[in-house]
Amino acid sequence: MGKFNLKKNALKIYIVFLFVLVYGFIVYMYPRERKFAYEFQQGAPWPHEDLIANYNFPVYKSPETIANEKDSVYNNFIPYFKYDSIILDETKSDFRNAFFKAWIQVVIPGNNSFPGFKINNNQSSTIPKKQRDKLLNDYFHIFDSIYQTGLIKDDSLGTNTDEIRILENGEAQLTSKTDVLFYNEACNILKQRGKSITKEVMSDSLVDQLTTRINLCEFLVPNLTYAKNTNEKILAERINNISRTRGMIQKGELIIQQGGIVDGETYLVLQSMKKDYESSANITRLGLLIFGISLLYIALGLALFLFLRNFKPEILVSFKKITFVMLQVFILMIITIVIVRFTGLSVYIVPFALVPMVINTFYDSRTALFLHLIIVLMAGFLAPNGFEFVLLQMFAGIVAVFSLSNIQKRKQLFVTSFYVLLIYCITYFALQMLYGRGLNHLIWTDFAWFAGNAALLLFVLPLIYAYEKLFGFVSDVTLMELSDTNNPLLRQLAEKAPGTFQHSIQVGNLTEAVAREIGGNPMLVRTGALYHDIGKSATPQYFMENISGKNPHDKLDHKESARLIIAHVTNGKKMARKAKLPDQIIDFIVSHHGTTRAEYFYRSFQNDYPDKKIDSQAFTYPGPMPHNIETAILMMADTVEAATRSLNDYSEKNIRNMVNTLIDKQREANQFENVDITFKMINKAKRVFTDKLLSIYHTRIEYPDEKNKHNA
């Protein structure tokens, strides 16, 4: 038995570790409440077997009932007010001082001891002290009558009852609100009665001066104050004493038969059973919960692994790519768990459609939708209504992927966001109608959550940008920027090697057409085609498309010529690295000739030196061979476009034969063995190449010479 090679198996170990880490942490964060085994909807038939209670449990009141009972407590609550017996004495004392000051200023002539008051010096004091004291006592009687039952600041008591409770010496006395006075009412009484008794003692002019100097209402300080702490305490006790249940279901009692309609009463019983079941937990049940969810998540993780192994093996051979994929699962699930466990937000606010949008940008729609399915199924165990949740999210993901096939224009993102919101609303509304719920029973706040979800999808652009920088991926937005011919490398190619530049443009058009026909990323392959020959700008004079005079290869050895031609691959790689082009674009530069030979110079050497042993490596490109469908398309397009320029007759037969011959040679040389490409796809590519080349080199009409016209 051989030794285990750690370095050779590092990637496999990392993948296992990554899956265990991600799914293990998700299970660790998973809510510890048990999951009710049945899905049900009010108004819909019961799709399961007869349900019989296997234990006693209470029937909980509906949230609406609880809310109504709370409202009833608040509405019927009689508030408590504290009675302060000292207020009256303090009020009389303050009033006495103010009264004497005003009396001195108004009644006693020549007194200027109180600045700010105008004294009538012509007025003589004809009012005896006895009448003054009587007047003061009469005012005191008015204050006594006002404070006798109680004075309250205003009538905003926050209660619908006509009674209040007055707390005095630890005892509460029930009193009608009509038996107490409120500030405005008491103020009017004091003014009217005070003016009346004052006129009995002095003239009207003195009455006006006296009442002007004494603002009677400012002495009214309420002796009944709202007992906030007492009221809050009693209200809290009464709210807590509201029973949350309305009866019991006994063990063995039939709850609903299979096929029966879940009406309002049965729905309440089922909800109670679900709540009681999920809240009752012990060590054994908790262990079963963790074990069960672990098995389910292991199954989903295995399904994801098998999908990647069979349909996206390039992800499983890259540390970076598998980390990126698992990061999507991890982030979405942790966000969902946090929202479900620790916030009052709805799970519908989580933008699950972001993942397929991002994955589709860097890979393809099949991978995007499968990963979306895995994440949604995992999150479905957390949602209050799993079936409804999964259905809504799957529709949203499908719409997001197919309405945003590329992100070349920002308006497409807004359109996709709108489509996702629309499909959420339509699907949700249809489900509610299917369950027999009318408009009055719709949870309209869910539509607000859908709107927030759709708005969060607009963050896909900065998210894609972040992933590009973090993982070195390339999006359509970046490809559009790179395909701009004003890019320094492309501008340099156009200036130094104009023939090569035109060749690259033609190859780009061919590759894009083929990619649209047989699959692949058209924008990626077109951009790769523009850059695949940038190395030729280092020595443009050695390439036929740029030679306008004598051929410089006539003076060179065949090996040297081959070396100069082959060098455009390594030169292009160096230039691309220096310009910090993405690895995906560099792949086109290094693989567009694969491991083929510089055939012209190889055969020339063979013909000139028939007896000499040939070192074929000197005439062979370093590779690597194409490893995906885009680089394979470029290899085919580059060869057929360059070869077509050497044809003398651009007939359909000649072009088709040339295309078939060149691509078949590449296939026979095993240049496509690392590419997931079929014979059918290759035949389609041949047809597209032929049609496109025919349209480029179509036979033109020869215009006749203009004959000389005789003057009339």
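None of these values were measured; they are calculated from a predicted model. For every chain, the first residue of its written sequence is number 1, and the numbers climb from 1 along that sequence. Selection of residues for local features in this predicted model requires a pLDDT of at least 70, selection of side-chain atom pairs for listing and counting requires 80 or more, and totals for whole chains, interfaces and linings are taken over all residues. Side-chain metrics rest on all non-hydrogen atoms present in the structure, leaving aside hydrogens and water.

Moving on: the packing of helix α26 (residues 652-668) against helix α27 (residues 679-696). All axes are obtained by fitting lines to C-alpha atoms, using only the stretch in contact for helices, and the reported angles, taken between N-to-C directions, cover 0 to 180 degrees. Each helix is a run of H or I in the DSSP string that is no shorter than four residues. Each strand is a run of E no shorter than two, and both are numbered from the N terminus. For the pair α26 and α27, interaxial distance at closest approach is 9 Å and the crossing angle is 145°. In the packing of α26 onto α27, the handedness of the crossing is right-handed. Packed against α26, whose contacting residues are E652, I655, R656, M658, V659, N660, I663, D664 and R667, the element α27 presents F679, I682, K686, F689, T690, L693 and L694 at the interface. Helix crossings fall into two classes, left-handed where the near helix is turned counterclockwise from the far one by less than a right angle and right-handed where it is turned clockwise. The contact criterion used throughout is that any non-hydrogen atoms of two residues lie within 4.5 Å.

Now for the nonpolar core. Considering soluble globular proteins, one finds that nonpolar side chains tend to be buried as a cluster. Nine residue types can take part in a nonpolar core, namely buried Ala, Val, Leu, Ile, Met, Phe, Trp, Tyr and Cys, and a core is a set of them joined through side-chain atoms within 4.5 Å. Partly exposed residues are those whose accessible area sits between 20% and 50% of the maximum for their type, while under 20% is buried and over 50% is exposed, using a 1.4 Å probe and protein chains only. By size, the foremost hydrophobic cluster in this structure holds 72 residues, and its most contacted members are Y297, F324 and V329. When residues in this core are grouped by element, the largest group, 10 residues, is from helix α11 (residues 319-342). Residue contacts for Y297: discarding those within four places in its chain leaves Y23, I26, V27, Y30, M333, M378 and F381.

The grouping of D84, D89, E90 and D94 at the surface amounts to a negative patch. Within the secondary structure, D84 is located in the loop between β3 (80-83) and α3 (86-107). D84 sits in the partly exposed class, given a relative accessible area of 34%. Patches here: salt-bridge-free residues with over 30% relative accessible area, like charges joined within 9 Å, nonpolar side chains (Val, Leu, Ile, Met, Phe, Trp, Tyr) joined within 5 Å. The method behind every accessible area is Shrake-Rupley, applied with a 1.4 Å probe, and residues are considered shielded solely by the protein chains displayed. Each salt bridge in this description consists of a side-chain nitrogen of Lys or Arg and a carboxyl oxygen of Asp or Glu lying within 4 Å of one another. Charge assignment: positive for Lys and Arg, negative for Asp and Glu; neither His nor the chain ends contribute. Charge coordinates come from a single atom per side chain, which is NZ of Lys, CZ of Arg, CG of Asp or CD of Glu.

The next thing to look at is the side chain of H568. Its place among the elements puts H568 in helix α22 (residues 558-578). Using a relative accessible area of 1% as the deciding quantity, one classes H568 as buried. Reaching out from H568, the side chain makes a polar contact with the side chain of D533 at a distance of 3.2 Å. Beyond its immediate sequence surroundings of up to four residues, H568 is in contact with D533, G535, K536, F543, H592, H593 and Y621. Side-chain atoms alone can form a polar contact between residues adjacent in sequence; in general such a contact is a pair of N or O atoms within 3.5 Å, and within protein one must be able to donate a hydrogen while the other accepts it.

Attention now goes to helix α21 (residues 522-531). With nine of 10 residues buried, α21 lies mostly within the body of the structure. Within α21, burial applies to P522, M523, L524, V525, T527, G528, A529, L530 and Y531. Contact partners of the buried residues in α21: α18 (476-482), α19 (488-496), α20 (498-518), α23 (583-591) and α25 (629-644). Taking the backbone nitrogen of M523 as reference, a side-chain oxygen 3.1 Å away marks N521 as the first, capping residue of α21.

Our focus in this paragraph is the side chain of T367. Its place among the elements puts T367 in helix α13 (residues 365-380). For T367, the residues in contact, after removing those within four places along its chain, are F307, K312 and I359.

A few words now on α27. Since one α-helical turn is 3.6 residues long, residues separated by three or four positions face the same way. Taking 1.5 Å per residue as the helical rise, α27 with its 18 residues ought to reach 26 Å, and the 26 Å between its terminal C-alpha atoms agrees with that figure. If you check which residues of α27 are buried, you get M681, I682, A685, K686, V688, F689, T690, L693 and L694. How far a helix is expected to stretch is found by multiplying one less than its residue total by 1.5 Å.

Another point: the pairing of strand β5 (residues 163-168). The pairing of β3 with β5 spans three bridges and is classified as parallel. Residue pairing in the sheet places F81 in a bridge with I166 of β5. Hairpin geometry of β5 and strand β6 (residues 171-176) is characterised by an intervening segment of two residues between the two adjacent antiparallel strands and by a positive phi of about 55° at N169. Pairing between strands is defined by DSSP: at least two bridges between the two strands are required.

Structurally, T175 is set in strand β6. The buried category is assigned to T175, whose relative accessible area is 8%. Here the alpha-carbon distance between T175 and R165, two residues 10 residues apart in the chain, equals 6.0 Å. If sequence neighbours within four positions are ignored, T175 has contacts with T149, E163, I164, I166 and V180.

When two helices pack together, their arrangement is captured by the angle between the axes and the distance separating the axes. Between helix α1 (residues 10-29) and α11, whose axes approach to 9 Å, the crossing angle comes to 5°. When the axes of α1 and α11 are compared, the pair comes out roughly parallel. Counted together, A10, L11, Y14, I15, L18, F19, V22, Y23, F25, I26, Y28 and M29 of α1 and F319, I322, T323, M326, V329, F330, M333, I334, I337, R341 and F342 of α11 form the full contact between these two elements. We call Asp, Glu, Lys and Arg charged. Ala, Val, Leu, Ile, Met, Phe, Trp, Tyr, Cys and Pro are nonpolar, and the rest, Gly among them, are polar. Across the contact of α1 with α11, the residue classes tally to 21 nonpolar, one polar and one charged. An angle below 35 degrees is treated as roughly parallel, one above 145 as roughly antiparallel, one from 65 to 115 as roughly perpendicular, and anything else as oblique.

On the secondary structure map, I78 appears in the loop between α2 (63-76) and β3. The spatial distance from the C-alpha of I78 to the C-alpha of L174 is 8.8 Å, given a sequence separation of 96 residues. Once residues lying within four places of it in the same chain are set aside, the contact partners of I78 are T161, E163, I164, R165 and L174.

Our next topic: a nonpolar patch on the surface. A surface patch of nonpolar side chains, about 460 Å² in accessible area, is lined by V415, F418, Y419, L422 and I426. Mapped onto the secondary structure, V415 falls in helix α15 (residues 410-434). On the accessibility criterion, V415 (37% relative accessible area) is partly exposed.

Glancing now at the confidence of the model for the protein. In the predicted model, the protein carries a mean pLDDT of 85, and 88% of its residues have values of at least 70. Every residue in residues 110-125 is under pLDDT 50, and counting partners more than four places away or in other chains gives 25 contacts. Values of pLDDT, ranging from 0 to 100, describe the predictor's confidence in every residue of the model.

A separate point is the packing of aromatic side chains. Note on ring pairs: Phe, Tyr and Trp rings are taken, using the six-membered ring of Trp, and paired if centres are within 6.5 Å. Classes follow the plane angle, with under 30 degrees stacked, over 60 edge-to-face and the rest tilted. Inspection of every chain in the model, using the stated rule, returns 42 aromatic pairs. Aromatic side chains F418 and Y419 sit 6.2 Å apart centroid to centroid with 50° between the ring planes, which places their arrangement in the tilted category. Taken together, Y348, F352, F389, Y424, Y428, W444, F447 and F450 form an aromatic cluster joined through their ring pairs. Only when the NZ of Lys or the CZ of Arg is both within 6 Å of the ring centre and within 35 degrees of the ring normal is a charge said to sit over the ring. One Lys or Arg, K275, reaches over the ring of Y60 and ends 4.4 Å from the middle of that ring. Sitting over the ring of Y602, R597 keeps its end group 4.0 Å from the ring centre.

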